[in-house]
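This is what each chain is made of:
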Amino acid sequence: MSPVCLICLDPTRIEEGDLLARDLGLEFHVESSATGVISKREERRFYQTLLNERAGVLLLRSEGLGLLAAPEDEALWIKADFCDAGTRYRLAQGGGNEMIAKAVGLKGQPKPTVLDCTAGLGMDAYVLAALGCEVTLLERNLIVHALLKDAIKRAQGANDPQIAAAIARMELLEPSDAAAYLESYQGKALASVLYLDPMFPLRKKSAQVKKAMQIFHTIVGDDTDAGALLPLALGAAGNRVVVKRPRHAPFLKGQPASHSLEGQRNRYDVYLKQR
Ligand SMILES: C[S@@+](CC[C@H](N)C(=O)[O-])C[C@H]1O[C@@H](n2cnc3c(N)ncnc32)[C@H](O)[C@@H]1O
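What you are looking at is a predicted structure, and each value in this text was computed from that prediction instead of being measured. (Residues numbered from 1 in each chain as written. Predicted model: local features only at pLDDT ≥ 70, side-chain atom pairs only at ≥ 80, totals over all residues. Heavy atoms only, no water.)

K.L.:
I'd like to hear about the pattern of salt bridges, residue by residue, with values.
P.N.:
Summed over all chains, the structure comprises 16 salt bridges. A salt bridge links aspartate 150 to arginine 13; the shortest N-O distance between them is 2.9 Å. With a gap of 137 residues between them, aspartate 150 in helix H6 (residues 142–156) and arginine 13 in the loop between strand S1 (5–8) and helix H1 (14–24) connect regions that are remote in the sequence. Residue aspartate 150 is classed as buried on the basis of its relative accessible area of 6%. Note on arginine 13: relative accessible area 11%, which makes it buried. Among the ionic pairs, arginine 154 bridges to aspartate 150, the shortest N-O distance being 3.0 Å. Here aspartate 150 and arginine 154 lie together in helix H6, a separation of four residues that amounts to about one turn. On the basis of relative accessibility, which here comes to 22%, the residue arginine 154 falls in the partly exposed class. Via salt bridges that share partners, Arg13, Glu16, Lys79, Asp81, Asp150, Lys153 and Arg154 belong to a single interconnected network. (Salt bridge = Lys/Arg side-chain N within 4 Å of Asp/Glu carboxyl O. Helix = DSSP H or I, 4+ residues; strand = E, 2+ residues; numbered from the N terminus. Buried < 20%, exposed > 50% of the residue type's maximum accessible area, 1.4 Å probe, protein only.)

Set out below in structure tokens:
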């Protein structure tokens with residue numbers, strides 16, 4: 001099920017919301033009853049009412065664009081965010097030691113350039129940009145792309161030099177399918193590293209799968225065409241392709257990597273280009 005409408009709760013963003021709804025082909029509503037100051041409880045009730053007849057709703061609020069969904073009984077708010085406390089903490093704890101940094105070969109100078117072919121909500125791309133890489137982002141899902149674009153815009157206005165520096169190294173391309181994009185550039189090295197993190201089918205019933213991830217999955221699907229990206233990415237990478245997989249998942253397209261880095265939940269398969 002996909003969200004069926006976009007609701008604007010911020011009177012200053014009505015025009016923007018209207019345009020976005022047209023772009024996404026969604027029904028658009030302006031909701032004025034919730035724009036005043038209301039208690040958390042009233043707010044929760046309001047959201048629950050919105051969701052009674054829908055699987056999800058895109059909400060444009062002063063805090064940003066987010067997807068509201070009700071996986072079970074409780075409303076849940078998903079948005080891309082590079083300024084939240086968790087992300088700041090993660091980077092302050094030495095993002096340079098992150099496996100993703102090792103996987104892309106981020107040691108010394110010059111820093112690798114990265115084309116993130118499956119940008120999603122942009123967290124991996126943001127971590128790499130914060131660590132000094134120039135990162136180009138591709139995302140094909142229109143709703144996810146809109147969430148990502150909104151997060152980048154919010155971060156640009158965050159008034160934090162570190163965030164601003166990272167965001168300045170990120171370029172989000174117009175929504176497009178990475179396979180079509182890479183095909184149109186065959187033969188050219190588009191970046192030193194091409195990064196792939198396609199969706200992987202969820203393990204049903206796993207308590208470890210967060211609700212937010214379940215909802216994200218509902219919007220995006222399983223990316224069953226992901227295997228086709230690997231040969232195209234190898235054709236367009238200057239140095240390597242990095243594929244993020246669940247730790248025990250088979251290699252993408254069954255193609256063994258040059259080496260892998262394993263974490264608790266994820267694995268980074270590194271495909272070095274033959275020279
Ligand atoms: C698991 S998410 C990526 C998460 C991301 N690495 C992050 O840190 O937020 C996968 C995303 O890749 C996108 N995607 C999958 N295949 C794609 C393709 N061929 N072209 C563009 N985007 C694609 C999906 O729409 C989805 O949003």
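K.L.:
Give me the site of the ligand: which residues, what numbers.
P.N.:
Near the ligand lie 21 residues; those nearest to it are Asp124, Glu139, Ala178, Asp197 and Asp223. Interatomic distance of 2.8 Å between a backbone N/O atom of aspartate 124 and an oxygen atom of the ligand. Computed on the free molecule, the ligand has an accessible area of 600 Å², of which 94% lies beneath the protein chains in the complex. Taken together, the residues of the shell around the ligand sort by class into 10 nonpolar, five polar and six charged. (Near = heavy atom within 4 Å. Polar contact = N/O pair within 3.5 Å; in protein donor to acceptor, adjacent residues only side chain to side chain. Areas by Shrake-Rupley, 256 points an atom, 1.4 Å probe, with all protein chains shown as cover. Nonpolar A, V, L, I, M, F, W, Y, C, P; charged D, E, K, R; others polar.)

K.L.:
If you had to explain the pairing of strand S2 (residues 27–30) to someone new, which residues and values would you point to?
P.N.:
Examined bridge by bridge, S1 and S2 share four bridges and lie parallel to one another. Counterpart to isoleucine 7 in the pairing with S2 is histidine 29. A crossover connection joins S1 to the parallel S2 through H1; in handedness this β-α-β unit is right-handed. (Pairing = 2+ DSSP bridges. Right-handed = clockwise from strand over helix to strand, strands pointing away.)

K.L.:
A description of the sheet that holds strand S5 (residues 76–78) should follow, citing residues and the corresponding values.
P.N.:
Taken together, the five strands give an open sheet; going across it, the order is S2-S1-S3-S4-S5, and neighbouring strands pair in mixed fashion. Either end of the sheet is taken by a strand with one partner, and the two such strands are S2 and S5. Neighbour-to-neighbour, the strand axes of this sheet turn through a mean angle of 30 degrees, independent of strand direction. Judged from the three bridges that link them, S1 and strand S3 (residues 56–61) form a sheet pairing that is parallel. For isoleucine 7, the partnering residue across the bridge sits in S3 and is leucine 59. Of the strands in this sheet, S1, S2, S3 and strand S4 (64–69) are in contact with H1, which crosses S2 at around 165 degrees. H6 rests against S3, S4 and S5 of the sheet, and its axis sits at about 140 degrees to S4. (Axes fitted to C-alpha atoms, helices over the stretch in contact; angles between N-to-C directions. Contact = heavy atoms within 4.5 Å.)

K.L.:
Describe the nonpolar core, and please don't skip the residues or the numbers.
P.N.:
Grouped together as the largest cluster of nonpolar side chains are 33 residues, with contacts concentrated most on Phe82, Val135, Leu137, Ile167, Met170 and Val242. Taken together, the elements giving at least two residues each to this core come down to helix H4 (99–104), helix H5 (123–130), strand S7 (135–137), H6, helix H7 (161–168), strand S8 (170–172), strand S9 (191–196) and strand S12 (266–272). What valine 135 contacts, discounting residues up to four positions off in sequence, is Val114, Asp116, Ala125, Leu128, Ala129, Arg169, Met170 and Glu171. Counting 23 residues, the second-largest nonpolar core is a separate cluster that includes Leu182, Ala236, Val241 and Val243. (Core = buried A, V, L, I, M, F, W, Y, C linked by side-chain atoms within 4.5 Å.)

K.L.:
Any chance you could break down unusual backbone geometry for me, citing the residues and the numbers?
P.N.:
Not every positive phi belongs to a glycine, and asparagine 159 is a case in point at roughly 60 degrees. Within the secondary structure layout, asparagine 159 lies in the loop between H6 and H7.

K.L.:
Can you lay out the pairing of S3 for me, pointing to particular residues and giving the numbers?
P.N.:
Across the six residues of S3, six count as buried, placing the element largely inside the fold. Burial along S3 is two-sided: the face carrying Gly56, Leu58 and Leu60 and the face carrying Val57, Leu59 and Arg61 are both buried.

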